[in-house]
Every structure is written in C-alpha cells, then in structure tokens.
Amino acid sequence: MNAPLSESHRLKSYACGEWFVGEGTGKQLFDATSGLPVSTIDSTGLDFQDMLAHGRRQGGASLRSMSFHQRALMLKGLGQALMADKESFYTYSTATGATRTDSWIDIEGGISTLLSYGSKGRRELPNTRMLVDGVPEPLSSDNTFSAQHILTPLEGVAVHINAFNFPCWGMLEKLAPTLLAGMPAIIKPASQTAYLTELMVQHIIATGILPEGALQLISGSVGDLLDHVTAQDVVTFTGSAATGQMLRVHPAIISHSTRFTMEADSLNAVVLGKDATPDTPEFDLFVREVAREMTTKAGQKCTAIRRVIVPREQADAVVSALSTRLGRTTVGDPNDENVRMGPLASLDQRCEVRERITELSAEAQIVYGNPDNPALVSGDAAKGAFVDPVLLYCDQPKGCEAIHSVEAFGPVCTLIPYESTDDAIELAALGGGSLVASVFTDDGEFARDVVAGLAPWHGRIMLGNRLSAKSSTGHGSPLPMLVHGGPGRAGGGEELGGIRAVKHYMQRSAVQGTPGLLSAVTGRWIPGAPVVVSEEHPFRKSLATLEIGDTVVTAGRTITLEDIEHFAHFTGDNFYAHMDEAAACANPFFDGRVAHGYLVVSFAAGLFVDPAPGPVLANYGVDNLRFLTPVYPEDTVQLSLTCKEINPRETDEHGEVRWDCTVTNQDAAVVAQYDVLTMVAKN
Ligand code: NAP
C-alpha cells in the first residue's frame, strides 16, 4: 500500500544503503489537477561525495563481478517484480496529470525497456564480463602480433539527471543499459514528479534484486555532487537545453573529460507528402498522428511533433481536418475516464507553455485552441494546470526564428507550408537537429529523397503509410532497440539503440600482443593462437572439460567429378559452373567445372562430425561463411575445427560453442572459412 500523497508526505533519498530524509524545509510539490500539495522534496544534508564513493566501491565492484547474462537475468527479475506491482505506480502517476494511457507509456513502457534489455543481454551478449569488439586485426605477416578491441565497464558511477515528464520510463531506459554494462547509477529525477520515481525506487530496493550500491536516489538538488565526478564516471542529462548546456561545462566534467550525454529539447517535425492528398489513407493517418502527438501526455514528450510541414496547397485542408480531430479531444481531470488529455504537470509548467505560445504567436496565428481559457469536461481551470491543444499557422516560415527554435512543452504545434521536397527538408533542418521526424507518404521516390535530406539532422525517422498503419509504433515512441537522441539542438546524445547503449558505459581499448595472449585475455580463440590437438575428439567433451583452442584436424577427402554431378542431381543445383565445362571456363573466376560451395561444406561436416550421441546436442547454424578458392575435380580438401568461444547459459544445462572451421586444399590454400555454431551440454 502506498503512503498517501499529502502535504506531510516527505520524499526520501536512498544513499549509501539508507533511506534519508532531507534536513531542510524543502520544496512543496502539487497535484497537477487539484493543485493540492502532494509531497515535499529536499536533499539537504546528503553527503554526495560519499554517495559517489559508495556506488564506485560497493555497487560497481558487485556488478563487475557478474557476467552479462547474470546482469541481464537481474534486469529480467526486476522487470517482472515491477510489473507485478504496476498498479501502485498508476495511483501516484495520476497526480502528475497523466491519464491511464499516458501512465501506461511511462510505467509499463519503462518496465518493458528493462525486460527488453534483460532479453537482449542474454541473446546478443556473451556470458562473460568483458566484451570483445569486432574482429582481431593481424599486425604481422608471421601472425605473431595481433590486436583486438575490447570493452570493459567503467569503474565509476553513472549519474542520471532526468526530466519531469517520464518519471518511470526516464529512469528505467537509462538504468537498464547502465546496469547491463556493469556500472552503478545515482538517479536524480526532476523535482516536479519525483514522488513517482521515489516510489518505484522504493519497490526496486525492496525486491533485493540489485546488489547494494547499484542504485542510489537523490530526491531534490544534486548539491555539490558534480564537483566530485571523475574520469570514470558518466553524467547523463535529460531536460531543457539551457540546463544541459550549463551542466556540460561544469569544471569537474571538463577537467576530467567525464562522459556527458545530453538529451535536450527538440523541434520535431512531421512532413506530409504531396501524394498524400485528403482523399488518401496517408492523409487520415497523418492527421490522427499529429493530434495524438499533441495530446498524449498533454504534449509533454521530448519526441512530440512541434512543426507540421505540409504542401502549401493542402494547408487549408490540414487546418480543417486537424481542428475537427482536436475538437474531439476531451480535456479534464485524468481520473475521469472520459478524459483524453489531462493537465500539464504543474501550474509553473502552464505559465511556461503560455509564455512560449505568446512567443510563437509573434510569427504565427492561432488557428485552433484557446491558451488562456481551456474548454474542460471536468476539473477546475483555476486549480489544475489545464490548457487547450493549440494549433498555430505560419504562412512564411523561412524568415522566422521562433517557430523553429521555441519549444512550447505542451499540446502545441505550428503548421508550416512547403513548396518543394528540398523546401520541406530545409524547413525541417531549421529546427537545428531533432530527435525524430516522420514522413507520411506512399511515394517511394519522395520517401527516398526526403529521408536522405532529413537523416543528417535527425536521430530517428518514421515513415507512415497505409500498409504499416496497423503495425506502426508511431512517431513519438522511442523503442529500446532503436537509437534515441539527435544531433545539435536535441543535445547530440544517443541513448537506447539496443546493445549500442550498453557500450556508452564501457571503455573501448585496443589490446596488442601475440594471438595466444590475446586469446587468454579475451577468452576467445583467435587465429594464430595455440591449438590443442588431442586423442579425444572435442565433440566428446562437455562444457566442463572443453577449452578454447581444442582442435580436431581431419583426414583429407578427394572430390570427384562424379561427386559434383551426384550433388547437382540430388539437390537440383545444376548451375553451369558445376555442370558445363565450356561455360565454366568462360567464367572469369574458374578454369573449368568447380565443386559447389555447399558440397564442400557438406563434406567438411562429414569429415569433422563425431557421430555417436554425446555432449554436442545440436548444430544451430554457421556464421561468416566464405568460399575463398575454387575446388576442382580431384582436389583434396581437409579441415581444422577449433573451439573458438564457449558461452554456458545461466539457466540451462547447456551452452553455445562457436568453432572456427578452416577448409584447405592439397596446396594448403583456404577454400572455405566459417564459424560452426553448436549447443553443448554442461556435463
Ligand atoms: P530542466 O528544468 O532542464 O530539468 C531537467 C533536470 O535537470 C531536472 O532533474 C532538474 O532538477 C535538473 N537540474 C536543473 N538544474 C540543475 C542544476 N543546476 N544541477 C543539476 N541538475 C539540475 O528540464 P525539465 O523541465 O525537467 O524537462 C523538460 C525539458 O526536457 C523539455 O525541454 C524536453 O524537451 C526535455 N526532454 C528531453 C528528452 C530527450 O530525451 N531528449 C526527454 C524528456 C524531456 P529539478 O527538477 O530538481 O530542478
């Protein structure tokens, strides 16, 4: 049961393993709808230097002792536990002004991001503590000196300073890749909605799933924390450009080259294609998307559409269709189930949005909505932070500044006409770099040209048309597997994007040495490293005894013309290079008929496989298969198969084993090279 939100409710910080109540009077926070006090926030008395030290010493050490798969399972467990508790978060979320749908994006969207990293970590990362990055680089002709890039977790703390609009998702989308990388975090939520973040952190700590020190929370100001960050820490900031630009040049961040990522505000655009006239499905989809982006979370989304770029000849039709659509948006108390759009997060926020609308109005006229007098279906306009959705129109957008630079962080959009494709691209780029743009068109040529022009200025581009209408995830949804961030005005940062985000919390190093030493360091066999050829076939070894470098070198097999013809008839692959001597000779790569590459691979399997039941459970594919030298009739092939990488699973009685397979001919030329992938029992 949650403690009721009230004037006497004081938010706590979680520091050095203890819940801490600020020693000052603090700042009062208010319900977005009723205007009543909901809690007081204060971090006075916290020892921020101690928090950093605790995170580094205890949280970091524990996380780094775990493998990627163990950390991924930890995220999965945490996600499941939070999902089971989800209703308690909804109770507090309403106080932020969020409707049930808005809260779902924040709460379940955030938890799903944890679960997604829990699953990606096990599918896409090895069960190790060090990440091998890319392929080995041979640096000497005799293969005695090579290099391998590796990634190791930073030994500091990730300080996440978050915005008010997504108190759960904003925390979890950063926390998931941080913990998966093996780095502890200190979360500093924006004060306005910190009561929801604090509640979720209480649940997280209570699960006992995270090692102590992996997560700490600051409810209130960060005090002198940034004075104590070092070269191994990371600071990520989400919020307004003004605050971000100030923090980015903090003396400690500059002097230690502390990694600093910024996700700031963004004048995201949508472009309507010229083909998408009012009689097309794309026009309807576009209108629906713009209205949804304006009203979800009352427009308080960093990805929300702020500029609507439409063919000049369609401007009137768009104003009319959007006005009709927005007219159906019921504004009011988010507890009222008939309400589609709740209030802004606070009265301060409403003041701010109204000021920004005034600035925009100097260059554009309001064509829908009344910023000062919202039409409500419930709630009290005097007490709650309500605003109408407001649509503006700017007829001559090229010479304007405000419409391309002023972000009204609410349900506010400006409609802008364009003449040509180049014009539309130029207008979108005037935003100075954005998180996302979307394009509504069913014309492939327009899509190609406009995406090529938009891409350098945007972190994500969504194409909408009739075919994807049902499956599209929409303009405004950042997804765990896709990059979230944008150049220039958007902050120049990058978050999410699947495993890419994990690497933001790790150091990439190039390690040079003999292949043998590099294999010892990385736990992955690389060409040139010692091999062990023993009496016992490596397929007879379970994960308990198998080691990287274990090798089998097979006998040779001569491939005859009869074999080639038999394979051709059997499989139906009668390609001329295998079956027609004259045509094969005329081919620039061959001197006559050649064996099928797949025949070589099949014979190779026949040579290396040890057939009796044993620890090898299944072959699940090959990677990086290349045919490098033609195999002619009467050539003799043989191969060496070397255990390259062993990945035991945490939750199963088997693991994945990757084998290097090199097939050579009688002249020792490599004819085929690939990785064989198998499942092998632990015992
Ligand atoms: P904000 O006022 O800049 O605050 C952002 C965060 O910075 C808050 O946690 C705030 O804490 C903290 N902060 C303020 N001054 C600080 C200082 N001197 N030292 C350390 N921390 C400090 O922004 P906001 O109003 O919360 O968020 C709205 C903005 O965020 C919008 O412009 C929106 O576009 C942007 N946003 C961007 C993204 C993205 O991913 N690109 C996502 C969401 C929001 P207090 O609240 O305690 O002051």
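The rules behind the values
Residues numbered from 1 in each chain as written. Predicted model: local features only at pLDDT ≥ 70, side-chain atom pairs only at ≥ 80, totals over all residues. Heavy atoms only, no water. Helix = DSSP H or I, 4+ residues; strand = E, 2+ residues; numbered from the N terminus. Buried < 20%, exposed > 50% of the residue type's maximum accessible area, 1.4 Å probe, protein only. Contact = heavy atoms within 4.5 Å. Pairing = 2+ DSSP bridges. Axes fitted to C-alpha atoms, helices over the stretch in contact; angles between N-to-C directions. Parallel < 35°, antiparallel > 145°, perpendicular 65-115°, else oblique. Left-handed = near helix turned anticlockwise from the far one by under 90°. Patch = residues over 30% accessible without salt bridge, like charges linked within 9 Å, V, L, I, M, F, W, Y side chains within 5 Å. Areas by Shrake-Rupley, 256 points an atom, 1.4 Å probe, with all protein chains shown as cover. Salt bridge = Lys/Arg side-chain N within 4 Å of Asp/Glu carboxyl O. Lys, Arg positive; Asp, Glu negative; His and termini not counted. Charge placed at Lys NZ, Arg CZ, Asp CG, Glu CD. Domains from an automatic or database assignment. Polar contact = N/O pair within 3.5 Å; in protein donor to acceptor, adjacent residues only side chain to side chain. Nonpolar A, V, L, I, M, F, W, Y, C, P; charged D, E, K, R; others polar. Near = heavy atom within 4 Å. Right-handed = clockwise from strand over helix to strand, strands pointing away. Expected span 1.5 Å × (residues − 1). Bend = angle between axes of the 7 residues up to and from the residue.

Trainee: Mind showing me how you'd approach the environment of Leu52 here?
Mentor: The topology assignment puts Leu52 in helix α1 (residues 48-64). Judged by relative accessible area, Leu52 falls into the buried class, the value being 0%. Along the chain, Leu52 and Asp233 lie 181 residues apart, while their C-alpha atoms are 9.0 Å from each other. Beyond its immediate sequence surroundings of up to four residues, Leu52 is in contact with Val157, Val159, Ile186, Leu225, His228 and Val229.

Trainee: Help me understand the sheet that holds strand β13 (residues 307-311), please; the structure alone is not making it clear to me.
Mentor: In a beta sheet, neighbouring strands pair by backbone hydrogen bonds and run either parallel or antiparallel. Here we have seven strands laid out as an open sheet, ordered β14-β15-β16-β13-β12-β17-β18, and mixed in their pairing. Two strands bound the open sheet, and with one partner strand each, they are β14 (365-368) and β18 (458-464). Ignoring which end each strand starts from, the neighbouring axes of this sheet average 25° apart. Summarising the sheet, strand β12 (residues 269-272) and β13 pair through three bridges and their orientation is parallel. Note on β13: the bridge partner recorded for Val271 is Ile309.

Trainee: Would you explain the packing of helix α4 (residues 100-124) against helix α5 (residues 169-181) in this entry?
Mentor: Helix-helix packing is characterised by the crossing angle of the two axes and by the distance between the axes. Across the interface, α4 lies against α5 with an axial gap of 8 Å and an inter-helix angle of 10°. Classified by the angle their axes make, α4 and α5 are roughly parallel. α4 and α5 meet at a crossing whose hand is right-handed. In this structure, α4 contributes Ile105, Asp106, Gly109, Gly110, Ile111, Thr113, Leu114, Tyr117 and Gly121 to the contact, and α5 contributes Trp169, Gly170, Leu172, Glu173, Ala176, Pro177 and Leu180.

Trainee: Even after reading the chapter, I still don't get the sheet that holds strand β5 (residues 131-138), so can you show me in this structure?
Mentor: Across the sheet, three strands lie side by side as β5-β6-β21; this open sheet has antiparallel pairing. Edge strands, defined here as strands with exactly one partner in the open sheet, are β5 and β21 (506-513). Going from strand to strand, the sheet's axes swing by 20° on average, the running direction of each strand aside. Here strand β6 (residues 146-153) pairs with β21 via eight bridges, running antiparallel. Its bridge partner lying in β21, Leu151 is registered against Arg508. Contacts from helix α16 (residues 515-522) reach β5, β6 and β21, with the element oriented near 15° to β6.

Trainee: What is the right way to look at a negative patch on the surface in this model?
Mentor: A cluster of acidic side chains, namely Asp47, Asp50, Asp224 and Asp227, defines a negative patch on the protein surface. Residue position: Asp224 is located in the loop between β9 (215-217) and β10 (234-238). The partly exposed category is assigned to Asp224, whose relative accessible area is 37%.

Trainee: Honestly, the domain arrangement of the chain in this entry has me stumped. Any pointers?
Mentor: Looking at the assigned domains, one finds that the chain contains domain 1 (12-215), domain 2 (269-478) and domain 3 (531-681). Placing a centre on the C-alpha atoms of domain 1 and another on those of domain 3 gives a separation of 45 Å. In this assembly, six residues from domain 1 lie in contact with six residues from domain 3. Linking domain 1 with domain 3 are zero salt bridges, by the criterion used here. Where domain 1 packs against domain 3, one counts three residue pairs in polar contact (both at pLDDT 80 or more). Tallied by class, the residues present in the side of domain 1 that touches domain 3 amount to two nonpolar, four polar and no charged.

Trainee: What am I meant to see in the site of the ligand here?
Mentor: Near the ligand you find 25 residues, and of these Asn162, Ser191, Ser240, Thr243 and Glu407 are the closest. Backbone polar atom of Asn162 to an oxygen atom of the ligand: 2.6 Å apart, as the coordinates give it. Relative to its unbound accessible area of 910 Å², the ligand is 80% covered by the protein chains. Here the shell around the ligand gets three residues from one element, more than from any other, and that element is helix α7 (residues 241-248). Looking at side-chain class alone, the shell around the ligand contains 13 nonpolar, eight polar and four charged residues. Per-domain counts for the shell around the ligand show at least three residues from each of domain 1 (12-215) and domain 2 (269-478).

Trainee: Just to check I follow, could you spell out the pairing of strand β8 (residues 185-188) for this structure?
Mentor: The two faces of the sheet receive side chains in turn, since in a regular strand these alternate between them. Every second residue of β8 is oriented toward a common face, with Ala185 and Ile187 on one face and Ile186 and Lys188 on the other, all of them buried. Two elements, strand β7 (residues 158-161) and β8, share four bridges in a ladder whose sense is parallel. Looking at the pairing, Ile161 lines up with Lys188 of β8. As for the winding sense of the linkage, the β-α-β connection from β7 through α5 to β8 is right-handed. Both β8 and β9 contribute to a ladder of three bridges, which runs parallel.

Trainee: How should I be thinking about the pattern of salt bridges in this particular structure?
Mentor: When charged atoms on two side chains of opposite charge get close, those side chains can pair. In the structure shown here, the tally under the stated rule is 33 salt bridges. When the shortest N-O distance is used, the salt bridge between Asp133 and Lys503 registers 3.9 Å. Here Lys503 lies in helix α15 (residues 499-503) and Asp133 lies in strand β5, a separation of 370 residues in the sequence. When its relative accessible area of 17% is taken as the criterion, Asp133 is described as buried. Looking at Lys503, the relative accessible area reads 28%, which means it is partly exposed. Notably, a salt bridge pairs Arg649 with Glu656, separated by 2.5 Å at the nearest N-O pair.

Trainee: So what exactly am I meant to see when it comes to α1 here?
Mentor: Turn by turn, an α-helix covers 3.6 residues, leaving residues three or four places apart pointing in a common direction. Here α1 is 17 residues long and its end C-alpha atoms lie 22 Å apart, about the 24 Å a rise of 1.5 Å per residue gives. Where α1 bends most, the angle comes to about 30°, and this point is Gly55. When α1 is considered as a whole, its buried residues turn out to be Phe48, Met51, Leu52, His54, Gly55, Gly59, Gly60 and Leu63. Against the buried residues of α1 lie β1 (12-15), α2 (68-84), β7, α5, β8 and β9.

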